[in-house]
Amino acid sequence: DKANFDLRFATCKWMADNLDHVIENYIPKDHPRTFVNKEPSATPLNIVALIFSAIAIALFISTTCGILYLKRQRSFARAAQIEFLLLLLAGFLLVSLGSLLLALKPSNGTCIGAIWVLNIGYTLQLVPSIMRVYAIITLVRASKKMKLVR
C-alpha cells in the first residue's frame, strides 16, 4: 500500500487486541489524575518574595525622588536624559509590582495582572536601553564618516 495503511491497520488491530495488557502495564494507576484544591499558606518562600518586592518598590521610590531632586540642576538633567531614566525606573516598578502579585494568593486577577505587569515592565526596561544603544551606534557610524548627527 502506498499510504502505509497496512502498517497503521496492523498497529491499530494489535492495540485493539491487547488493550487490557497495555492499560494494566503501561498506564499509571493514578491516571487520570485528581486535583486537590489546597489553600496556599504563608510559606517562607512567599514571605521572602513579599519582602524583596517591598524592598524593590521602596528602592524605586527613593531612586525616583533622588533623580527628581537632582533634576533641578540643569547639567545633570542634560547628561542623564531624564526621560530614559524614568522609563527604566517605571519598568523596574512594574516588575516589582508583578513579583508582588505573584507572591500573593492566586486568583484570576492576580495571575492575569502579574503576567501583564511583568511583560509591560520588562518592555519598559528594555526599550530605553535599546534606544540608547541605537543612538550610540549611530554616533559611532557617523564619526567614521565625519558627518554631523542631529
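Residues numbered from 1 in each chain as written. Predicted model: local features only at pLDDT ≥ 70, side-chain atom pairs only at ≥ 80, totals over all residues. Heavy atoms only, no water.

Below, the discussion takes up the pattern of salt bridges. Applying the stated criterion across every chain, the model contains one salt bridge. As a salt-bridge pair, Asp17 and Lys13 come within 3.4 Å of each other at their nearest N and O atoms. You can see Asp17 and its partner Lys13 sitting in helix H1 (residues 5–17), four residues apart, about one turn around the helix. Taking relative accessible area as the criterion, Asp17 reaches 53% and is therefore assigned exposed. (Salt bridge = Lys/Arg side-chain N within 4 Å of Asp/Glu carboxyl O. Helix = DSSP H or I, 4+ residues; strand = E, 2+ residues; numbered from the N terminus. Buried < 20%, exposed > 50% of the residue type's maximum accessible area, 1.4 Å probe, protein only.)

Okay, the environment of Leu45 next. Position of Leu45 relative to the elements: it lies in helix H3 (residues 44–70). Since its relative accessible area comes to 67%, Leu45 is described here as exposed. C-alpha of Leu45 to C-alpha of Ala103: the two residues are 58 residues apart in sequence and 8.5 Å apart in space.

Three- or four-residue spacings in an α-helix give side chains the same orientation, since the helix completes a turn every 3.6 residues. Helix length check: helix H6 (residues 108–145) (38 residues) gives 56 Å between terminal C-alpha atoms against 56 Å at 1.5 Å per residue, within 8%. Within H6, the full set of buried residues consists of Thr110, Gly113, Ala114, Leu118, Gly121, Gln125, Pro128 and Ala142. Tucked into the core, H6 has its buried residues touching helix H5 (82–103). Phi turns positive one or two residues past the end of H6, at Met146, with a value near 60°. (Expected span 1.5 Å × (residues − 1). Contact = heavy atoms within 4.5 Å.)

Moving on to the side chain of Thr64. Along the chain, the position of Thr64 falls in helix H3. At a separation of 2.8 Å, a polar atom in the side chain of Thr64 contacts the main-chain carbonyl oxygen of Phe60. Leave out the neighbours within four places in its chain, and Thr64 touches Leu86 and Leu89. (Polar contact = N/O pair within 3.5 Å; in protein donor to acceptor, adjacent residues only side chain to side chain.)

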